[in-house]
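Topology and contacts: notes
Read off the chains here:
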Amino acid sequence: MRTSLVRSAGEALRRRASSSATPSLAPSAHTLRRSYGSESTPERKVAVLGAAGGIGQPLSLLMKLNPLVSRLSLYDIAGTPGVAADVSHINTRAEVTGYASEEQLGLALEGSDVVIIPAGVPRKPGMTRDDLFNINAGIVKSLCTAIAKFCPHAIVNMISNPVNSTVPIAAEVFKKAGTYDEKKLFGVTTLDVLRAKTFYAGKAGSIPAATNVPVVGGHAGITILPLFSQATPASNLSTEDIKALTKRTQDGGTEVVEAKAGKGSATLSMAYAGAIFADACLKGLNGVPDIVECSFVQSSVTELPFFASKVRLGKNGVEEVLGLGPLSGYEKEGLENLKPELRASIEKGIKFAREN
Ligand SMILES: NC(=O)c1ccc[n+]([C@@H]2O[C@H](COP(=O)([O-])OP(=O)(O)OC[C@H]3O[C@@H](n4cnc5c(N)ncnc54)[C@H](O)[C@@H]3O)[C@@H](O)[C@H]2O)c1
Ligand SMILES: O=C(O)C[C@H](O)C(=O)O
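Residues numbered from 1 in each chain as written. Chains lettered and ligands numbered in written order. Predicted model: local features only at pLDDT ≥ 70, side-chain atom pairs only at ≥ 80, totals over all residues.

With an unreviewed UniProt entry as reference, the protein is termed Malate dehydrogenase, source organism Spirodela intermedia. UniProt, in its Catalytic activity (unreviewed entry) section for the protein, records the words "(S)-malate + NAD(+) = oxaloacetate + NADH + H(+)". (UniProt positions renumbered as here; feature names shortened; annotations may be inferred.)

Given below as structure tokens:
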């Protein structure tokens, strides 16, 4: 069977690696202790579901490079053996295993600390994220049913769109299975944050990597609300500039979909965003203090049951959902305007999960 070939290739590789005199490029334990502040770096299994896709492949690569990962489980319904064999040859800590069929999903998930889900169809020009609902809702539901069964305590990073609905679907599936832990379910909105930082830095003249902009709300159109009034370093951009930056951040996904002209949506920037968010979750699990990222989570920050805002990550997932902080008049207006659409998407997800 193709997957067992991948697994034995991995085992052979490990045997060779342990007997080889080739120096490893992986960071030493000493470096890890220094970098991550804990006594020792714990074993952590990360599973990527949809690992052979446009996001899945570069995300699998980035997770293979992450020294916090000791086991990397790659699952897809098509193309996994090649991706797993390819990634497994990189001489870093994580031991890679590929799983290529639904019967192996349990093995792929068992023992996972973090499960990242980029499985599902992407947009084409002219589509909204909600147009993906009919296909992706079912995919997410079945994957989450398996998570509830095989790794009920894992942290789940939901990338599949429409995130505003797939996260509530996951929550309902977990509730039905009796495994729901609101501290462990995250909609990945990190790409919105990266875009807001990049676009703001371009206009304000700040260093992109040293720029911070919280993005709250949800992950579709006007539900994406960048809070440029809280951007650091601060700048005195005009109201017109702020409006243009807000619109560009909200339309960032569409900008990529149109540029790709039918060949999908953001994959490389999303893989980077997914890797940053997963890394933050792993650091939180490992007890690294003060890990804060924006994410779409169960929330009481507004009257909506799910909402993206800054979240402090810890050993159990969400340690604290942080409030919105002071908003400008323009942001307050944006917040009120996004609520009906976000509520409808959340309710659509809940209804789907309850009825199917
Ligand atoms: N959250 C975000 O910011 C963000 C950003 C970009 C894309 N996305 C979303 O991520 C999803 C994936 O995008 P992509 O560009 O990687 O798409 P893609 O089509 O390139 O890859 C999707 C992969 O999922 C796999 N897949 C389908 N059904 C599966 C199942 N039941 N189990 C396991 N794997 C399955 C496919 O075989 C494929 O390899 C889309 O829904 C897209 O809209 C989200
Ligand atoms: O825009 C999309 O469809 C993909 C993703 O949600 C994005 O923001 O790039």
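1. Thoughts on the overall build of the protein
When helices and strands are tallied, the protein shows 12 helices and 11 strands. Residue burial in the protein is summarised as follows: out of 356 residues, 48% are buried. For the protein, the share of sequence-separated contacts (at least 6 apart) that also reach a separation of at least 24 residues comes to 71%. (Helix = DSSP H or I, 4+ residues; strand = E, 2+ residues; numbered from the N terminus. Buried ≥ 20, exposed ≤ 12 C-beta atoms within 10 Å, placed from the backbone. Contact = placed C-beta atoms within 7 Å.)

2. Notes on the UniProt feature "domain: Lactate/malate dehydrogenase C-terminal" (unreviewed entry) in the protein
Mapped onto this numbering, the UniProt entry gives "domain: Lactate/malate dehydrogenase C-terminal" (unreviewed entry) at residues 189–352. Across residues 189–352, the secondary structure splits into 48% helix and 17% strand, with the terminal C-alpha atoms separated by 22 Å.

3. Section: unusual backbone geometry
The omega angle of the peptide bond from Asn161 to Pro162 is -5°, so this bond is cis rather than trans. In this structure, Ala261 takes a positive phi of about 50° despite not being glycine. Secondary-structure assignment places Ala261 in the loop between α10 (252–260) and α11 (268–285). Residue Ala261 is classed as exposed on the basis of its C-beta count, with 9 C-beta atoms lying within 10 Å.

4. Considering the domain arrangement of the protein
Per the domain assignment, the segments making up the protein are domain 1 (41–187) and domain 2 (190–355). If you average the C-alpha positions of domain 1 and of domain 2, the two centres end up 21 Å apart. Taken together, the 44 residues of domain 1 in the interface contact 42 residues of domain 2. The element that contributes the greatest number of residues to the side of domain 1 that touches domain 2 is helix α7 (residues 163–177), accounting for 10 residues. For the side of domain 1 that touches domain 2, the residue count by class is 26 nonpolar, seven polar and 11 charged. (Domains from an automatic or database assignment. Nonpolar A, V, L, I, M, F, W, Y, C, P; charged D, E, K, R; others polar.)

5. Here's the deal with the environment of Ile135
The topology assignment puts Ile135 in helix α6 (residues 133–150). Separated by 14 residues in sequence, Ile135 and Val121 have C-alpha atoms that sit 7.2 Å apart.

6. Remarks on the pairing of strand β2 (residues 71–75)
Burial runs high along β2: four of the five residues are buried. Alignment of strand β1 (residues 45–49) against β2, held across five bridges, turns out to be parallel. By the bridge assignment for β2, Val48 is matched with Leu74. Traced from β1 through helix α3 (residues 56–64) to β2, the parallel crossover comes out right-handed. Pairing analysis gives five bridges linking β2 to strand β3 (residues 95–99), with the strands arranged parallel. Looking at the pairing, Ser73 lines up with Thr97 of β3. (Pairing = 2+ DSSP bridges. Right-handed = clockwise from strand over helix to strand, strands pointing away.)

7. Description of the site of ligand 1
The environment of ligand 1 is made up of 33 residues, and the closest members are Gly50, Gly53, Gly54, Ile55 and Asn161. No other element matches α6, which puts three residues into the shell around ligand 1. Residue composition of the shell around ligand 1, grouped by class: 19 nonpolar, 12 polar and two charged. There are two domains that each give the shell around ligand 1 at least three residues, and those are domain 1 (41–187) and domain 2 (190–355). (Near = placed C-beta within 6 Å.)

8. Points about the environment of Ser40
Within the secondary structure layout, Ser40 lies in the loop between α2 (29–36) and β1. For Ser40, a count of 10 C-beta atoms within 10 Å gives the class exposed. It is 9.4 Å that separates the C-alpha atoms of Ser40 and Asn286, two residues lying 246 residues apart in sequence.

9. Quick look at the nonpolar core
In terms of nonpolar packing, the biggest core is built from 99 residues, with Val48, Val115, Ile117, Val156 and Ala170 touching the most fellow members. At 10 residues, α11 tops the list of elements feeding residues into this core. Counting contributing residues, this core receives three or more from each of domain 1 (41–187) and domain 2 (190–355). Setting aside residues up to four positions removed in sequence, Ile117 forms contacts with Leu49, Gly50, Val140, Leu143, Val156, Asn157, Met158, Ile159 and Ser160. (Core = buried A, V, L, I, M, F, W, Y, C linked by C-beta atoms within 7 Å.)

10. Structural notes on the UniProt feature "binding site: substrate" (unreviewed entry) in the protein
In the numbering adopted here, UniProt assigns the feature "binding site: substrate" (unreviewed entry) to Arg123, Arg129, Asn161 and Arg195. The residue Arg123 is located in the loop between β4 (114–117) and α6 in this model. Inspection of the secondary structure assignment puts Arg129 in the loop between β4 and α6. On the neighbour-count criterion, Arg129 (26 C-beta atoms within 10 Å) is buried. For Arg129, the contacting residues outside a window of four places in its chain are Arg123, Asn161, Pro162 and Ala220.

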